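If you want the building blocks of each chain, they are given just below.
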Amino acid sequence: ELSADPASPPRSPQGRPEPRLRDTPEDICFEATANAIALHPARALLAAGDLDGDVYLYSYSCTEGENRQLWSSGHHLKSCRDVAFSQDGHKLFTVSKDKSIHILTVEEGRLETRFPRAHGSALNCVLPIDNHIFATGDDGGELKVWDLRKGDAILEARQHEEYISAMAVDGNRKILLTASGDGTLGVFNVKRRRFDLLSEPQNGDLTSVVLLKRGKKVACGSSEGTIYLFNWDGYGAASDRFTLRAESVDCMVPITDSIVCVGSLDGVIRAVNILPNRVLGCVGQHLGEPIEQLAVAPDGRLLASCAHDQKVKFWDVSALGGLVVDDYRKKKKKGGPLRALSSKATGSGEDFFADLRDEAEPEAAVGSDSDTDSSD
């Protein structure tokens with residue numbers, strides 16, 4: 001008598017194998033490097049823009065074999081640099097090196113609105129502010145804020161000397177922050193349509209900007225591997241800095257009010273607690289491939305990453321919300337591997353992290369408020 005193979009998957013009443021459930025969706029592979037990704041605010045949808053200028057919409061699922069390409073759009077003539085869903089999730093904004101802004105319907109990928117020569121330089125980033133207003137930043141340091149009801153820009157400002165790498169807006173949708181390759185953080189008042197101020201230049205290019213601690217803190221990543229912290233309304237000078245043992249901080253997304261995930265040139269995605277400043281460990285990695293962008297699902301449980309390996313990977317970050325980081329600094333064993341924070345982060349039995357030595361606790365910056373302020 002043949003015994004059932006214990007390794008075979010369970011079968012449905014019709015005798016077909018039951019689809020396997022995974023912790024995270026399978027990787028999505030592209031023909032060109034995906035520069036930009038975004039996750040839909042309400043549904044399991046991922047948008048991606050690639051080096052060839054193509055834009056894709058996928059549905060993703062933790063059931064094996066269930067990721068689906070829903071549509072693709074090839075309207076951009078050059079590399080698609082950023083993609084973002086509108087607040088209501090009905091539209092997808094895309095910007096390109098070809099200086100154009102496209103607004104597509106999420107349902108069928110139809111091109112609804114197009115600004116062909118939106119900026120004088122190649123576009124780098126786009127941020128929807130509400131359902132009518134959105135902002136774009138370019139390689140020349142120019143920021144534009146647009147109103148779809150007027151079909152034109154309502155604010156144009158060139159305060160930065162280098163490219164605008166990232167943008168963020170406060171909860172009231174009033175203050176817009178820009179990070180730039182010139183090392184400065186820019187502050188703009190969207191409601192009053194004016195420029196407010198630039199921070200002092202930091203070391204290296206500022207690559208990312210996020211709000212933390214219920215909007216009381218602003219964190220910027222830099223190409224030198226440092227995270228700079230600013231107090232809300234205290235943008236002139238950084239209040240604190242935290243240097244990671246990473247070649248760079250290329251992209252950063254908030255997971256909780258205190259924890260960010262950071263993507264780097266070395267292909268590693270680190271989870272970092274801000275105030276007290278700690279590297280918590282590794283969420284995942286694209287082996288040795290620089291990470292272009294990170295996106296977090298609306299429920300905060302899944303993180304998506306795209307890198308030069310032409311893949312989008314998903315990571316389970318649900319455990320990060322339960323981590324408690326206290327002020328007490330334990331003596332760490334120097335040279336231990338970076339702690340794996342998800343089952344996939346550990347790789348396949350080999351120690352992928354042999355070369356990732358423990359991140360030392362840097363001294364807090366002079367005049368820093370890292371410990372006095374951790375109650376935020």
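If you're wondering where the values come from, they're calculated on a predicted model, not measured in any experiment.

## Structural notes on the overall build of the protein
Right, so step 1: Scanning the protein for helices and strands turns up zero helices and 28 strands.
Right, so step 2: Expressed as a percentage of its 376 residues, the buried residues of the protein come to 53%.
Right, so step 3: Of the roughly 16900 Å² of accessible surface on the protein, a fraction of 46% belongs to carbon and sulfur atoms.

## Examining the sheet that holds strand β12 (residues 142-147)
Right, so step 1: Taken together, four strands build an open sheet; the order of strands is β10-β11-β12-β13 and the sheet is antiparallel. Edge positions in the sheet fall to β10 (123-128) and β13 (152-158), since each has one partner strand and no second. When the angles between neighbouring strand axes are averaged without regard to direction, this sheet yields 20 degrees.
Right, so step 2: Bridge analysis of strand β11 (residues 133-138) against β12 gives five bridges, and the strand direction is antiparallel. For isoleucine 133, the partnering residue across the bridge sits in β12 and is aspartate 147.

## Overview of the packing of aromatic side chains
Two aromatic rings, taken as a pair, are described by how far apart their centres are and by the angle between their planes.
Right, so step 1: Summed over the entire model, instances satisfying the criterion amount to ten aromatic pairs.
Right, so step 2: Ring centres of tyrosine 60 and phenylalanine 314 lie 5.1 Å apart, and the angle between their planes is 35 degrees; this geometry places the pair in the tilted category. Note that tyrosine 60 is positioned in the loop between β4 (55-59) and β5 (68-73) and phenylalanine 314 in strand β28 (residues 311-316), a separation of 254 residues in sequence. Across the pair, phenylalanine 314 and tyrosine 60 agree in class, each one buried.
Right, so step 3: Chaining the aromatic ring pairs together yields one cluster made of Phe93, Phe115, Phe134 and Trp146.

## Re the pattern of salt bridges
Right, so step 1: For the structure on display, the rule yields 15 salt bridges.
Right, so step 2: Here glutamate 64 and arginine 22 are joined by a salt bridge, their closest N and O atoms 4.0 Å apart. Linking glutamate 64 in the loop between β4 and β5 with arginine 22 in the segment before β1 (28-29), this pair joins segments that are 42 residues apart in sequence.
Right, so step 3: A relative accessible area of 31% means that glutamate 64 is categorised as partly exposed.
Right, so step 4: Exposure remark for arginine 22: the relative accessible area of 25% places this residue in the partly exposed category.

## Some details on the nonpolar core
Right, so step 1: Residues Ile227, Leu244, Val260, Val262, Val272 and Ile274 are the most contacted members of the largest nonpolar core, which totals 20 residues.
Right, so step 2: Taken together, the elements giving at least two residues each to this core come down to β18 (206-212), β20 (226-231), β23 (259-263), β24 (268-273) and β25 (278-285).
Right, so step 3: In this view, valine 262 contacts Ile227, Leu244, Val249, Cys251, Met252, Val268, Ile269, Arg270, Val272 and Leu294; residues no more than four positions away in its chain are not counted.

## So, unusual backbone geometry
Right, so step 1: Each neighbour pair has its own omega, and for leucine 275 with proline 276 the value is -5 degrees, a cis peptide bond.
Right, so step 2: One non-glycine residue, arginine 214, lies in the positive phi region at around 50 degrees.
Right, so step 3: Within the fold, arginine 214 resides in the loop between β18 and β19 (217-222).
Right, so step 4: Given the relative accessible area of 58%, arginine 214 is considered exposed.
Right, so step 5: A positive phi angle, near 75 degrees, is found at aspartate 233, a position not held by glycine.

## Thoughts on the UniProt feature "repeat: WD" (unreviewed entry) in the protein
Right, so step 1: The UniProt record marks residues 291-318 with the feature "repeat: WD" (unreviewed entry), using the residue numbering of this structure.
Right, so step 2: Between the first and last C-alpha atoms of residues 291-318 the distance is 21 Å; the span itself is 0% helix and 64% strand.

## Quick notes on the layout of surface pockets
Right, so step 1: Counted as a void, the largest pocket has a volume near 1700 Å³.
Right, so step 2: Along the walls of the largest pocket sit 50 residues, with Leu127, Met167, Val253, Gln293 and Leu294 positioned nearest its centre.
Right, so step 3: Among the elements that make up the lining of the largest pocket, the one with the highest residue count is strand β26 (residues 291-296) (six residues).
Right, so step 4: Looking at the lining of the largest pocket residue by residue, the class counts come to 31 nonpolar, 13 polar and six charged.

## A few points about the pairing of β10
Right, so step 1: Taken across its six residues, β10 has six buried, putting it largely inside the fold.
Right, so step 2: Pairing of β10 with β11 involves five bridges; the strand directions are antiparallel. Paired with leucine 127 across the bridge in β11 is alanine 135.

## Observations concerning the sheet that holds strand β3 (residues 45-50)
Right, so step 1: If you walk across this open sheet you meet the four strands as β2-β3-β4-β5, and the pairing is antiparallel. Of all strands in the sheet, those with a lone pairing partner are β2 (34-39) and β5, marking the two edges. Each strand axis lies, on average, 20 degrees off the axis of its neighbour in the sheet, ignoring direction.
Right, so step 2: Relative to β3, β2 runs antiparallel, the two being bridged by five bridges. Paired with leucine 39 across the strands is leucine 46, a residue of β3.

## Regarding the environment of serine 180
Right, so step 1: In this fold, serine 180 is placed in strand β15 (residues 175-180).
Right, so step 2: Expressed as a C-alpha distance, the spacing of serine 180 and threonine 207, which sit 27 residues apart in the sequence, is 6.7 Å.
Right, so step 3: Once you skip the residues sitting within four places of it in the chain, serine 180 turns out to touch His160, Glu162, Tyr163, Ile164, Ser165, Asp205 and Leu206.
Right, so step 4: Here the side chain of serine 180 touches aspartate 182 through a polar contact of 3.0 Å, side chain to side chain.

The rules behind each value
Residues numbered from 1 in each chain as written. Predicted model: local features only at pLDDT ≥ 70, side-chain atom pairs only at ≥ 80, totals over all residues. Heavy atoms only, no water. Helix = DSSP H or I, 4+ residues; strand = E, 2+ residues; numbered from the N terminus. Buried < 20%, exposed > 50% of the residue type's maximum accessible area, 1.4 Å probe, protein only. Areas by Shrake-Rupley, 256 points an atom, 1.4 Å probe, with all protein chains shown as cover. Pairing = 2+ DSSP bridges. Axes fitted to C-alpha atoms, helices over the stretch in contact; angles between N-to-C directions. Phe/Tyr/Trp six-rings, centres within 6.5 Å; stacked < 30°, edge-to-face > 60°. Salt bridge = Lys/Arg side-chain N within 4 Å of Asp/Glu carboxyl O. Core = buried A, V, L, I, M, F, W, Y, C linked by side-chain atoms within 4.5 Å. Contact = heavy atoms within 4.5 Å. UniProt positions renumbered as here; feature names shortened; annotations may be inferred. 1 Å grid on protein atoms, 1.4 Å probe; cavity = no way out; pocket = protein on both sides within 12 Å on 5 of 7 lines; lining within 4 Å. Points joined across faces, edges and corners; volume = space filled by probe spheres on them. Nonpolar A, V, L, I, M, F, W, Y, C, P; charged D, E, K, R; others polar. Polar contact = N/O pair within 3.5 Å; in protein donor to acceptor, adjacent residues only side chain to side chain.

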